[in-house]
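# Working through the structure, step by step
The chain contents come next:
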2 protein chains.
Amino acid sequence: MESITRDPLAFGVGARVTLSVMSDRYVEVILAAVDAADSTGLILETGDVSTYAGGDEQALLRWLTDLTQHVAATGLHASVQVLLSRGCPGEAICELPGGAGPRRVDAPRGRHTGSFASAEWALYPLEDIGSDERTPDHMREIYAAIDTAKASGTFVASEHFVTKLSGDLGRVLETVVAAWAGVGAHVQHVTSHLTVSLNSPSHAAGAETGAHA
Amino acid sequence: MESITRDPLAFGVGARVTLSVMSDRYVEVILAAVDAADSTGLILETGDVSTYAGGDEQALLRWLTDLTQHVAATGLHASVQVLLSRGCPGEAICELPGGAGPRRVDAPRGRHTGSFASAEWALYPLEDIGSDERTPDHMREIYAAIDTAKASGTFVASEHFVTKLSGDLGRVLETVVAAWAGVGAHVQHVTSHLTVSLNSPSHAAGAETGAHA
């Protein structure tokens, strides 16, 4: 069992990403971003709706940051959809023995990108089989994750169904990946969904590089 | 308690939608789609990352179909992100008394749009407090939802973390909204996330109106 939690692919650690660039040049921008992003340590599978990336949490955060920073740096308005999942490998069903988890990792570390992002975030602690001794308490996990966001300075507000984040793109991504991995220290199966807005015409003047008034 | 399950806003029935149009004309296209979509029976709140819509399942499906059909009809490549939630009103915490649910509704009915869509879908049965007598079994709910998709003809495959759907845009949306509401007949808190691709350059020749080879 121990070896499964140490193997990110066996444990089902991965992401799906959809990049949407609001420009006639979207094809070249997206292809250039994918080409520029460092996918060392990851398995990638590209589809027409999203790209799947499998590998450990730190590699995923690095790749997501590279990909989105590249798009943000063009100055074009873009939306990025990220799905994160760990603890439920396989497809329709979770192909993990009960009690295999949870998987504990050091908090993934991000970087400053110099680009402003706003985002809406949802976090789902799911399968408690394999969780540690503490009584499964999903609201406690959600509160801990929101505290992570507040400590990082990216928390804006709680809204219907999501938590609003904003700040440096790299710090927003780091908040989300770290919180997801952190909840995963107690809950085997955790997913998270994130919608990021880059270079939005709505972003307030005074925000970091790349924002428009 | 009964009155809460009959009031969609009190029960937290709603959606968040992000439209991303991959064209220099994205502002006019998005504004026109929002303007054209029938929001009767819904409360809308627009933000820089997504628009929130609160109201019953049938009204949400109609509005989502109007919005996305309008975008699809332009022939422009676009991505649509949909988050659906019911059974957990409020923001950071679920402001519902334990045992308030579940909320049972007739299966929402969609319509044929004439536009082809491919999509990736995730469905999360969450809070079992308030579920009916059956032993909470999330995998049973997921399988039932997948069966709904197979019966509707929109099921393509199970992939890492998501179910792939494709077919008429209206039927894809109907599949997802109906499955979400259907799981909600047994589980109080259910969310679902959907990424839809419209007019993708990757869509195979021979697919319905709007696809590109």
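Relevant structure appears above.
First, a word on scope: everything that follows refers to the structure included in this document.

What counts, and at which threshold
- Residues numbered from 1 in each chain as written.
- Chains lettered and ligands numbered in written order.
- Predicted model: local features only at pLDDT ≥ 70, side-chain atom pairs only at ≥ 80, totals over all residues.
- Heavy atoms only, no water.
- Contact = heavy atoms within 4.5 Å.
- Buried area = accessible area lost by both parts, 1.4 Å probe.
- Salt bridge = Lys/Arg side-chain N within 4 Å of Asp/Glu carboxyl O.
- Polar contact = N/O pair within 3.5 Å; in protein donor to acceptor, adjacent residues only side chain to side chain.
- Helix = DSSP H or I, 4+ residues; strand = E, 2+ residues; numbered from the N terminus.
- Nonpolar A, V, L, I, M, F, W, Y, C, P; charged D, E, K, R; others polar.
- Phe/Tyr/Trp six-rings, centres within 6.5 Å; stacked < 30°, edge-to-face > 60°.
- Lys NZ or Arg CZ within 6 Å of the ring centre and 35° of its normal.
- Pairing = 2+ DSSP bridges.
- Axes fitted to C-alpha atoms, helices over the stretch in contact; angles between N-to-C directions.
- Least-squares fit on C-alpha atoms with pLDDT ≥ 70 in both.

## Comments concerning the interface of chain A and chain B
On the side of chain B, 52 residues touch chain A, which itself brings 52 residues to the contact. Across the chain A to chain B interface the summed buried area is about 4200 Å²; carbon plus sulfur atoms make up 60%. Across the chain A-chain B interface, the total number found is 6 salt bridges. Arg-16 of chain B is the partner of Glu-120 of chain A in a salt bridge, and the nearest nitrogen-oxygen pair spans 3.1 Å. Linking chain A with chain B are 16 residue pairs in polar contact (both at pLDDT 80 or more). Mapped by element, the contributors of at least two residues to the side of chain A that touches chain B are strand E1 (14–21), helix H2 (26–36), strand E4 (78–86), strand E5 (116–125), helix H4 (138–152), strand E6 (155–159), strand E7 (162–168) and strand E8 (190–198) of chain A. Ranked by residues supplied to the side of chain A that touches chain B, first place goes to E1 of chain A with 7 residues. A per-class count over the side of chain A that touches chain B returns 23 nonpolar, 21 polar and 8 charged.

## Looking at the environment of Cys-88 of chain B
In this fold, Cys-88 of chain B is placed in the loop between strand E4 (78–86) and strand E5 (116–125). Sequence spacing of Cys-88 of chain B and Gly-41 of chain B is 47 residues, and the spatial spacing of their C-alpha atoms is 20 Å. When near neighbours in sequence (up to four residues on either side) are disregarded, Cys-88 of chain B contacts Phe-161 of chain A together with Phe-11, Ile-93, Cys-94 and His-189 of chain B.

## Considerations on the packing of aromatic side chains
Enumeration over the complete set of coordinates arrives at 3 aromatic pairs over all chains. Over the ring of Phe-155 of chain A we find Lys-150 of chain A, and its NZ or CZ is 4.7 Å from the ring centre.

## Brief notes about the sheet that holds strand E8 (residues 190–198) of chain B
Residues and elements named next belong to chain B. Strand order in the open sheet made by the 8 strands is E2-E3-E1-E4-E8-E5-E7-E6, with antiparallel pairing throughout. Where the open sheet ends on each side, the last strands, each with one partner, are strand E2 (43–46) and strand E6 (155–159). When strand polarity is set aside, the average angle formed by the axes of neighbouring strands in this sheet is 20°. Of the pairings in the sheet, the one linking E6 to strand E7 (residues 162–168) comprises 4 bridges and is antiparallel in character. Across the sheet, residue Phe-155 finds its bridge partner in E7, namely Leu-165.

## Comments concerning the sheet that holds E5 of chain A
All names here are of chain A. As summarised here, the arrangement of the 8 strands in space is E2-E3-E1-E4-E8-E5-E7-E6, forming an open sheet in which the pairing is antiparallel. Both edges of this open sheet fall to strand E2 (43–46) and E6, since each of them pairs with a single strand only. Geometrically, the sheet is characterised by an average inter-axis angle of 20° between neighbouring strands, direction not taken into account. In terms of strand pairing, E1 meets strand E3 (residues 51–54) through 4 bridges, oriented antiparallel. Looking across to E3, one finds that Gly-14 is bridged to Gly-54. Along the sheet face, H4 touches E5, E6 and E7 and points at about 160° away from the line of E5.

## Let's talk about the relation of the copies chain A and chain B
Between the two copies of the chain lies a relationship made up of a rotation around an axis and a movement along it. Each copy of the sequence occupies a distinct position, and chain A is placed on chain B by a rotation of 180° and an axial shift of 0.0 Å, giving an RMSD of 0.0 Å. Those values place the two copies in the arrangement expected of a two-fold rotation axis. A symmetric contact is evident, with 100% of the interface residues of chain A recurring at the interface of chain B.

Functional significance is not addressed by these values, which are geometric in nature.
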